[in-house]
Amino acid sequence: MAKINFNNMNLTERDSQNIWHPYTQHKTSKPPIAIVKGEGALLWDENGKEYIDAIASWWVNPFGHSNRFIADAIYKQLTTLEHVLFGGFTHEPAVVLSEKLLEILPKNQNKIFFSDNGSTAVEVAIKVAFQFFYNKNEQKTTLIAFENAFHGDTFAAMAASGISFYTQAFEGMFIDVVRIPVPIKGQEEASFLALRNAINNNNCAGFIFEPLVQGAAGMVMYEPESLDELIRICQENKVLTIADEVMTGFGKTGKTFACDYLKTQPDMICLSKALTGGTIPMAITTFTNAIFEGFYDDDINKALFHGHTFTANPTGCAAALASLELLQTPEMQLNINRIHQKHLVFQNHIKNHPKVATTRVRGVIFALEIKSENQEAYYGNLRNQLYDFFIENGIVLRPVGNIVYILPPYIISDEQLNKVYAVIENAFEII
Ligand SMILES: *Cc1c(COP(=O)(O)O)cnc(C)c1O
């Protein structure tokens, strides 16, 4: 093969020589945009074009790109103790992070387990649910999950997910999952009934859900009272509950966690995405004491034999601690409320537009559904047309089928947010 001369290729061209991208059909999709710099809510590509990151780079970055405060904390940790194995060892960043997190998590949460990403946080929770009963010699091998759920791309997380094009190649290879409808407005009773039926007809170990907002489904929203009822049904029937807060955690819903809207509390909580402010991949699964005690025994076989090489990486923990500090500043809380209020104003303005079917807002999350005759494919034509229009206009938004949503970094300015709204409104002219 002829040797490739990289000198006269740009980053996008060099990428296409070697790199396989996520969720990408390389034969039909456009080449990726090469980003060379990020600051605050802005990104710049290799040609100098500027973009507003209106989805916080897949929901991970609340405090802005290249945040100095987090960067300094990371540098300090990297030059003190960058990493140490977590089997048989511990370190201050992990200890302090566990203390700080348990202070702000729902009061019934007592134990912190570290892993690397949202999928692994979910994987850990599902394994714990099954092994909790196995340790008690109880056969419970079914999981309950919502329709259109998204919990990640590893095997158990995929099994729990209900968006079929992510998972269809693997149907038949999954753990048993019973799916119930999401209790959106008008569907609450059907959801409660389906949960009762699922529990009565199967040996269910756990129920996993995205609390209040289903992100990947297109920001599908439902009310805390409904989730309280579903959790109560599980509690009555000794089914463990797993709140997947990977997307909703750390302020997205207007409160620190979506579970803060509940009267009941789940047994386990999965965290990742915004945990480190979008800097270092890390995840946490949290548990009640009751769950932990189900593994606490003289018998080594009752331990949780799950771990990852980089479990509780000190640098990741330091980034998470800095992020938590930023989240808790009055300034950041004001930002969250400011974005929420602006979303409400935009919602009011846009909801009667002839091309808008429905709109919804929770915290800093805004979503609108575009009227369409047919069921729009997740990565269909309408979606691609919208995506390209947003990119041309310097806005990073990734519509889901006919749903356009905004989930901006909390530090986005009013002016930047107004531009995002304006470009969305302009997009109605081209479809
Ligand atoms: C993104 C996401 C995951 C998966 O996280 P990864 O870090 O991509 O593995 C799991 N659950 C929810 C709710 C998510 O939004």
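For the structure, check the block above.
A brief report on the enclosed structure follows. (Residues numbered from 1 in each chain as written. Predicted model: local features only at pLDDT ≥ 70, side-chain atom pairs only at ≥ 80, totals over all residues. Heavy atoms only, no water.)

1. Re the packing of helix α4 (residues 92-104) against helix α11 (residues 314-327)
Working note: a packed helix pair is described by the angle between its axes plus the distance between those axes. Contact geometry for α4 and α11: axes closest at 9 Å, N-to-C directions at 35 degrees. Relative to α11, the crossing made by α4 is left-handed. Facing α4, whose interface residues are Pro93, Ala94, Val96, Leu97, Lys100, Leu101 and Ile104, α11 presents Pro314, Cys317, Ala318, Ala320, Leu321 and Leu324. For the contact of α4 with α11, a count of residues per class yields 12 nonpolar, no polar and 1 charged. (Axes fitted to C-alpha atoms, helices over the stretch in contact; angles between N-to-C directions. Helix = DSSP H or I, 4+ residues; strand = E, 2+ residues; numbered from the N terminus. Left-handed = near helix turned anticlockwise from the far one by under 90°. Contact = heavy atoms within 4.5 Å. Nonpolar A, V, L, I, M, F, W, Y, C, P; charged D, E, K, R; others polar.)

2. A look at the site of the ligand
Around the ligand sit Trp59, Asn117, Gly118, Ser119, Phe150, His151, Gly152, Glu210, Asp244, Val246, Met247 and Lys273, and those are all the residues in its vicinity. One of the side-chain nitrogen or oxygen atoms of Asn117 is found 3.3 Å away from an oxygen atom of the ligand. Lys273 has a polar side-chain atom sitting 2.7 Å from an oxygen atom of the ligand. Contact with the protein chains covers 84% of the free accessible surface of the ligand, which is 390 Å². For the shell around the ligand, the residue count by class is 4 nonpolar, 5 polar and 3 charged. (Near = heavy atom within 4 Å. Polar contact = N/O pair within 3.5 Å; in protein donor to acceptor, adjacent residues only side chain to side chain. Areas by Shrake-Rupley, 256 points an atom, 1.4 Å probe, with all protein chains shown as cover.)

3. Remarks on the packing of aromatic side chains
This model, assessed by the stated rule, comprises 17 aromatic pairs. Through a chain of ring-to-ring contacts, the aromatic side chains of Tyr23, Trp58, Phe150 and Tyr166 assemble into a single cluster. Between the NZ or CZ atom of Lys111 and the centre of the ring of Phe292, over which it lies, the distance is 4.5 Å. The ring of Tyr261 carries the charged tip of Lys255 above its face, separated from the ring centre by 4.9 Å. (Phe/Tyr/Trp six-rings, centres within 6.5 Å; stacked < 30°, edge-to-face > 60°. Lys NZ or Arg CZ within 6 Å of the ring centre and 35° of its normal.)

4. Points about the packing of helix α3 (residues 68-78) against α11
Two numbers describe how α3 lies on α11: the axes approach to 8 Å, and their chain directions differ by 150 degrees. When the axes of α3 and α11 are compared, the pair comes out roughly antiparallel. Relative to α11, the crossing made by α3 is right-handed. Of the residues in α11, those touching α3 at Phe69, Ile70, Ala73, Ile74, Gln77 and Leu78 are Pro314, Thr315, Ala318, Ala319, Ala322, Ser323, Glu325 and Leu326. The class makeup of the residues in the contact of α3 with α11 is 10 nonpolar, 3 polar and 1 charged. (Parallel < 35°, antiparallel > 145°, perpendicular 65-115°, else oblique.)

5. Points about the sheet that holds strand β10 (residues 240-244)
On the basis of which strands lie adjacent, the open sheet formed by 7 strands has the order β4-β12-β11-β10-β7-β5-β6 and mixed pairing. Two strands close off the open sheet at either side, each with one partner strand: β4 (111-115) and β6 (176-180). Mean inter-strand twist for the sheet, computed between neighbouring axes without regard to direction, equals 20 degrees. Pairing of β4 with strand β12 (residues 283-287), which is carried by 5 bridges, proceeds in the antiparallel orientation. Bridging across to β12, Phe113 finds its partner in Thr285. Of the strands in this sheet, β4, β11 (268-271) and β12 are in contact with α4, which crosses β4 at around 125 degrees. (Pairing = 2+ DSSP bridges.)

6. Structural notes on the pairing of β10
Counted residue by residue, β10 has 5 buried out of 5 residues, so it is predominantly covered. Of the two faces of β10, the one holding Leu240, Ile242 and Asp244 and the one holding Thr241 and Ala243 are both buried throughout. Of the strand pairs in this sheet, strand β7 (residues 204-209) and β10 are connected by 4 bridges, and their pairing is parallel. Bridge pairing in β10 links Gly206 to Leu240. Bridging between β10 and β11 involves 3 bridges; their strand directions are parallel. When the bridges of β11 are listed, Ile242 appears paired with Met268. (Buried < 20%, exposed > 50% of the residue type's maximum accessible area, 1.4 Å probe, protein only.)

7. Focus on the sheet that holds strand β16 (residues 403-406)
On the basis of which strands lie adjacent, the open sheet formed by 3 strands has the order β13-β14-β16 and antiparallel pairing. The two strands at the open ends of the sheet, each matched to only one other strand, are β13 (356-362) and β16. Across the sheet, the axes of successive neighbouring strands diverge by a mean angle of 15 degrees, strand direction being ignored. Where helix α14 (residues 414-427) meets the sheet, it contacts β14 (365-370) and β16, and its direction lies at approximately 175 degrees from that of β16.

8. Details of unusual backbone geometry
For Trp59, which is not glycine, the phi torsion reads 75 degrees and is therefore positive. Within the secondary structure, Trp59 is located in helix α2 (residues 56-59). The exposure class of Trp59 is buried, given its relative accessible area of 7%.

9. Describing the state of the cysteines
Counted according to the given criterion, the structure contains 0 disulfides. Looking at the unpaired Cys259, the closest cysteine sulfur is the one in Cys270, lying at 10 Å. (Disulfide = S-S within 2.5 Å.)

10. Focus: the pattern of salt bridges
Applying the stated rule across the entire model yields 11 salt bridges. Asp388 is the partner of Lys30 in a salt bridge, and the nearest nitrogen-oxygen pair spans 2.9 Å. Residue Lys30 is found in the loop between α1 (11-18) and β1 (35-39), and its partner Asp388 is found in helix α13 (residues 381-392); the two are separated by 358 residues along the sequence. Across the pair Glu369 and Arg360 runs a salt bridge whose closest N-O atoms are separated by 2.9 Å. Members of the salt-bridge network, linked through shared partners, are Arg196, Glu229, Arg232 and Glu236. (Salt bridge = Lys/Arg side-chain N within 4 Å of Asp/Glu carboxyl O.)

11. A closer look at the nonpolar core
Residues Leu97, Leu101, Met219, Phe390, Leu397 and Ile424 are the most contacted members of the largest nonpolar core, which totals 108 residues. Considering every element that reaches this core, the biggest residue donor is α11, with 8 residues. Residues within four places of Phe390 in sequence aside, it is in contact with Ile395, Leu397, Pro399, Val404, Val423, Ile424 and Ala427. Core analysis: the second largest hydrophobic core is formed by 27 residues, Phe113, Val122, Val128 and Cys270 among them. (Core = buried A, V, L, I, M, F, W, Y, C linked by side-chain atoms within 4.5 Å.)

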